[in-house]
There are 2 protein chains.
Amino acid sequence: MGTEKHQTGEARRRIAANIRRLRLERGLSQEGMAELADFHRTYVSQLERCVTNISIDGLERLAIALGVDISELLEVHKN
Amino acid sequence: MGTEKHQTGEARRRIAANIRRLRLERGLSQEGMAELADFHRTYVSQLERCVTNISIDGLERLAIALGVDISELLEVHKN
């Protein structure tokens, strides 16, 4: 997280943590997750490293692929 | 909402409704809200008409300007 260029980045960090947690719960690789949501194979890796500024439509595609409500991807997960 | 081009658009509609509600609660015009979050003066109007695919960093700027958690902008508001 030391390379972030934007001022706050809290939203990116929450998305990264939630995508990673939900992906692993489903036994998916980063590439498998990307394929499910129709992203380039390296995109989920970028998301999980907080280096990409995803759009809301892209985030919605990920939520649909994971079977969760989009608001869950921005929540702080407790344990 | 009849002119949306993307398949789902639920996320855009929630953001539009939440931005509009929170903005009006604070007595802000669309231009005033845009200025607060350092967007072009027409951008909040575009958001409220669901015609723009905002990025997560942009959404975070709006949340900070409105003084709410970013997850609130994606929730379904009950009344």
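Our subject is the structure listed above.
Residues numbered from 1 in each chain as written. Chains lettered and ligands numbered in written order. Predicted model: local features only at pLDDT ≥ 70, side-chain atom pairs only at ≥ 80, totals over all residues. Heavy atoms only, no water.

Can you help me understand helix α4 (residues 56–66) of chain A in this one?
Every α-helical turn comprises 3.6 residues, leaving residues that sit three or four positions apart pointing alike. Buried residues dominate α4(A), accounting for 8 of its 11 residues. A:Ile56, A:Asp57, A:Gly58, A:Leu59, A:Glu60, A:Leu62, A:Ala63 and A:Leu66 are the residues of α4(A) that are buried. The inward-facing, buried residues of α4(A) abut α1 (10–25), α2 (30–36) and α3 (43–48) of chain A together with α1 (10–25) and α4 (56–66) of chain B. Looking one or two places after α4(A), you find A:Gly67, whose phi comes out positive at around 70°. (Buried < 20%, exposed > 50% of the residue type's maximum accessible area, 1.4 Å probe, protein only. Helix = DSSP H or I, 4+ residues; strand = E, 2+ residues; numbered from the N terminus. Contact = heavy atoms within 4.5 Å.)

Would you mind showing me how to read the environment of A:Asp57 here?
When you line up the elements, A:Asp57 lands in helix α4. By relative accessible area, which is 15% here, A:Asp57 ends up buried. Residues A:Asp57 and A:Ser45, 12 residues apart in the sequence, show an inter-C-alpha distance of 18 Å. Within the local environment of A:Asp57, its side chain forms a polar contact with the side chain of B:Arg12, the two groups lying 2.4 Å apart. (Polar contact = N/O pair within 3.5 Å; in protein donor to acceptor, adjacent residues only side chain to side chain.)

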